[in-house]
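# Structural description and commentary
The primary structure of each chain is shown beneath.
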Amino acid sequence: MSNAVERVGVDGPGWVQSDTRTIRGLFPLSVERYLNRVVARLAPGVTTVTTGARYYALHGLIADEADAAGLSMPEAQNLLRRSEVVLAVASQVHEQRSAGIHQPLATAHAADTVRVRLRDGSLDMREVAKTGVGSYARGNWGFMGQYRGSEMTLRIVGTGSRLAPGPNFDAGMVREALSPVLTLARQDTLSEEDLEQYPDLCLCRTAYCTDGAWLARLFAATDPTGETSSIRRQTMQMLTTAVEESPIRTVDGDLTAFVAYSPALLSHDRLADSAICRQWRGVVFRYESVNAWRSLWEALVDRIGQHATVTRQELRDWLADHVPAGTVADFQRNLPDTLDNLGQPAPAERTEEVLSAPQPLRCISILALGARRHGELTGQELLGFQGPAQNDVFEELAPMWMAHRLHSWADRPMRDFAADLVDVLINRSQRIALLKTRFDRRTGRVTIPTRVQVRDDLVYRLHTETALTASLRWWQLLRMGEQTGLFRRDPSLGTGAGEAATWRLGPRGDLLV
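Residues numbered from 1 in each chain as written. Predicted model: local features only at pLDDT ≥ 70, side-chain atom pairs only at ≥ 80, totals over all residues. Heavy atoms only, no water.

### So, the overall build of the protein
Note the threshold: Helix and strand definitions here come from DSSP, where helices need a minimum of 4 consecutive H or I residues and strands a minimum of 2 consecutive E residues; each element is numbered from the N-terminal end. For the exposure calls, accessible area comes from a 1.4 Å probe over protein chains only, and a residue counts as buried if that area is under 20% of its type's maximum, exposed if over 50%, partly exposed in between. Contacts are assigned to residue pairs that have any heavy atoms within 4.5 Å of one another. Note on areas: Shrake-Rupley with a 1.4 Å probe; residue coverage comes only from the protein chains shown. His is not counted, nor are the chain ends, whereas Lys and Arg count as positive and Asp and Glu as negative. Charge coordinates come from a single atom per side chain, which is NZ of Lys, CZ of Arg, CG of Asp or CD of Glu.
Of the regular secondary structure elements, the protein holds 21 helices and 10 strands. Based on the C-alpha atoms only, the size of the protein along its principal axes is roughly 100 × 75 × 45 Å. Out of the 513 residues belonging to the protein, those deemed buried represent 52%. Of the contacts made within the protein by residues no fewer than 6 positions apart, 72% connect residues no fewer than 24 positions apart. About 23700 Å² of surface is accessible on the protein, with carbon and sulfur atoms providing 49% of the total. The average position of the 58 basic charges and that of the 61 acidic charges among the side chains of the protein differ by 4 Å.

Dropping the structure here:
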């Protein structure tokens, strides 16, 4: 009989998944934290996912109805979900049957789902508005989750756990416009014919109805009663001044240029005493730096993907080849002037020499210009640019960090500076990925959000990168203003074929003047 012991390999417990999953995730460099925080404070009442102004009124109406009728939480949720379906059907009917009148100002939530369901005839409201698989929306509260924070900020709904109207909700004006929604929502079936007699329930009709008049005053903050509403009014008045003083067709180009460089931001009577507008100027310059980091990272990830696997040194050489010879100080001296002869911000970031440079060089140039502005901006502009004083605590990749780094490298070759940035970005991306790594106890799976992975000296790409611009939420404010009559877009004022329409004050624009 043999005394040998058979060795058995163990792969791990068989009841869990032991693999590691990588996903693209969001914000791989996490350079947006300060910008997102200050934008949320300076543009209260909207987010990047609030798209339809009438939903603010609808959700307030449901809160008011639930409070008045003593509805339980499930009953309120059901009424809300049915009501959102009604708005989607109303908008589709108006779009299809009111050619020449309908305006594509906003797309109803779940519009595609409702459109497909209506092909088979009337909707079974019990089926389409139920929770779970097969419904029009996943969440128990439909699409209210996208609006709830903004609605609490605007005081349309209460801040407690119980659904109730807030102090700024105007039940009379909203019910005058939307009371048919409650009746239609309680039907067990809903057809396109049911909505034919209610064209004003379409999202595009908000500006012509009483709920739109109420929302216009709310977004314009005509009677600011606290800091939040005062900030919102100053921001909206800044947008108003921009569309009056300059042809504004794009937010990222025309509007940011106005706020960053136009003398009207400081000289116009409406904005002369506005600390918020001056903070926005600083925010725009920070926005330029954030977008530059995102774009530089995109270029780096794309370079990795072109070669499947590269060494760190190959990436260092690649970025170093994009910058000019000479020292870091030489590079800074050759950048465009950031101040004009009056000491006001000059459009250095928009000069031809910067914009026409290859993507990596363009990004590094904008980052260096942002670092220079850190030493030039003062007061409210500096507050918007960097936030309150941080007692010399340097946030990596912030303009202050970049300014100190450029200073410490001033006498060294610019190529070495660029090469070192590669290590900074790769190392930061890996730290951020580890910080965001999550372990699912149920499945035993580890999920890592990362675009690239590093093994010893090798770097390889797992997911592509697209450098989307950061959000200032101005587009959302303009869209809310357009849907409530504060602003409008005039296609006749475009300057060329295919060019975007020009923003103008709308029929209720006097609320902002």
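### Examining the side chain of Asn-291
One can find Asn-291 in helix H13 (residues 275-306). Residues in contact with Asn-291, not counting those within four places in the same chain, are Leu-468, Thr-469 and Ala-470.

### Side note on the sheet that holds strand S6 (residues 445-449)
Defined as follows: Strand pairing is assigned whenever DSSP identifies at least 2 bridges connecting the two strands. In this analysis, axes come from line fits to C-alpha atoms, helices being fitted only over the stretch in contact, and the angle between any two N-to-C directions falls in the range 0 to 180 degrees.
If you walk across this open sheet you meet the three strands as S1-S6-S5, and the pairing is mixed. The open sheet is flanked by strand S1 (20-23) and strand S5 (438-440), the only strands paired with a single partner. Across the sheet, the axes of successive neighbouring strands diverge by a mean angle of 25 degrees, strand direction being ignored. One ladder, built from three bridges, connects S5 with S6; its direction is antiparallel. Each residue of the ladder has a partner; that of Arg-438, found in S6, is Thr-447.

### Thoughts on the sheet that holds strand S7 (residues 452-455)
Spatially, three strands are ordered S4-S8-S7 in an open sheet, and the strand pairing comes out antiparallel. The open sheet terminates on both sides in strands that have one partner only, identified here as strand S4 (309-311) and S7. Ignoring which end each strand starts from, the neighbouring axes of this sheet average 25 degrees apart. As paired elements, S4 and strand S8 (residues 458-461) share three bridges and run antiparallel to each other. Looking at S8, one finds that Thr-309 is bridged to Tyr-460. Lying over the sheet, H13 contacts S4, S7 and S8, oriented at roughly 100 degrees with respect to S8.

### Quick word on unusual backbone geometry
Leave glycine aside and you will find that most residues have negative phi; peptide bonds, for their part, are mostly trans. Residue Phe-27 is not a glycine yet carries a positive backbone phi of 55 degrees. Checked against the element boundaries, Phe-27 lands in the loop between S1 and helix H1 (33-42). Although it is not a glycine, Arg-473 sits at a positive phi angle of roughly 65 degrees. When you line up the elements, Arg-473 lands in the loop between S8 and helix H21 (474-484).

### Thoughts on the packing of helix H7 (residues 171-185) against helix H9 (residues 210-220)
A pair of packed helices is captured by two measures, namely the crossing angle of their axes and the spacing between those axes. The criterion, for reference: Reported orientations rely on four angle classes, namely roughly parallel under 35 degrees, roughly antiparallel over 145, roughly perpendicular from 65 to 115, and oblique for the rest. Nonpolar residues are Ala, Val, Leu, Ile, Met, Phe, Trp, Tyr, Cys and Pro. Charged residues are Asp, Glu, Lys and Arg, and all others, Gly as well, are polar.
At a minimum axis distance of 7 Å, the contact between H7 and H9 shows a crossing angle of 140 degrees. It follows that H7 is oblique to H9 by the angle criterion. Only Thr-210, Asp-211, Ala-213, Trp-214 and Arg-217 of H9 make contact with H7, whose side of the interface consists of Met-173, Val-174, Glu-176, Ala-177 and Leu-178. Taken together, the residues of the contact of H7 with H9 sort by class into six nonpolar, one polar and three charged.

### Description of H9
For H9, the buried fraction is high: nine of the 11 residues fall into the buried class. Buried within H9 we find Asp-211, Gly-212, Ala-213, Trp-214, Leu-215, Ala-216, Leu-218, Phe-219 and Ala-220. On its buried face, H9 sits against helix H2 (53-69), H7, helix H10 (227-245) and H21. Positive phi appears at Ala-221, one or two residues downstream of H9, with a value of about 50 degrees.

### Some points on the pattern of salt bridges
So the rule is basically this: Between Lys or Arg on one side and Asp or Glu on the other, a salt bridge is scored when a side-chain nitrogen of the former is within 4 Å of a carboxyl oxygen of the latter.
Going through the model one piece at a time under the given rule, you end up with 29 salt bridges. The partner of Arg-115 in a salt bridge is Asp-112, and the shortest N-O contact between them spans 2.8 Å. Here the residue Arg-115 and the residue Asp-112 both occupy positions in helix H4 (residues 111-118), the gap between them amounting to three residues, near one helical turn. Assessed through its relative accessible area of 27%, Arg-115 is described here as partly exposed. Overall, Asp-112 belongs to the exposed group, its relative accessible area being 55%. For the salt bridge of Arg-333 with Asp-330, the shortest nitrogen-to-oxygen distance reads 2.3 Å. Taken together, the residues Arg-333 and Asp-330, both in helix H15 (residues 328-333) and three residues apart, mark about one turn of the helix. Asp-330 sits in the partly exposed class, given a relative accessible area of 27%. The network of salt bridges with common partners includes Asp-64, Glu-65, Arg-175 and Arg-186.

### Some details on helix H14 (residues 312-320)
Among the residues of H14, Arg-312, Leu-315, Arg-316, Trp-318, Leu-319 and Ala-320 are the ones counted as buried. The inward-facing, buried residues of H14 contact H13, S4, helix H17 (359-374), helix H20 (414-436), S7 and S8.

### Here we look at the packing of H10 against helix H11 (residues 251-261)
Remark: H10 packs on H11, axes separated minimally by 10 Å, with the N-to-C direction vectors making an angle of 105 degrees. With respect to H11, the axis of H10 lies roughly perpendicular. Contact with H10, carried on its side by Met-238, Leu-239, Thr-241, Ala-242 and Glu-245, involves Leu-255, Phe-258 and Val-259 of H11 and no other residues of that element. Class assignment for the residues of the contact of H10 with H11 results in six nonpolar, one polar and one charged.

### A few points about the pairing of S6
Sheet topology note: the S1/S6 ladder contains four bridges and is parallel. In the sheet register, Ile-23 faces S6, and the bridge partner there is Pro-449.

### Some points on the environment of Phe-169
Take Phe-169: it is sitting in the loop between helix H6 (148-153) and H7. Note: C-alpha distance between Phe-169 and Leu-478 (309 residues apart in sequence) is 22 Å. The residues contacting Phe-169, other than those within four sequence positions of it, are Ala-57, Gly-60, Leu-61, Asp-64, Arg-155, Ile-156, Val-174 and Trp-214.

### Notes on the packing of aromatic side chains
Keep this limit in mind: Aromatic pairing here means that ring centres of Phe, Tyr or Trp (its six-membered ring) are within 6.5 Å. Orientation follows from the plane angle: under 30 degrees is stacked, over 60 is edge-to-face, and everything else is tilted. A ring has a charge above it when a Lys NZ or an Arg CZ is no more than 6 Å from the ring centre and no more than 35 degrees off the ring normal.
In this structure the tally under the stated criterion is 10 aromatic pairs. Between Trp-409 and Phe-417 the ring centres are 5.7 Å apart and the planes differ by 80 degrees, which places this aromatic pair in the edge-to-face class. We note that Trp-409, like Phe-417, is buried. By way of ring pairs, the aromatic residues Tyr-55, Tyr-56, Tyr-147 and Phe-219 are connected into one cluster. Positioned above the aromatic ring of Tyr-208, the side-chain terminus of Arg-205 is 4.3 Å from the ring centre.

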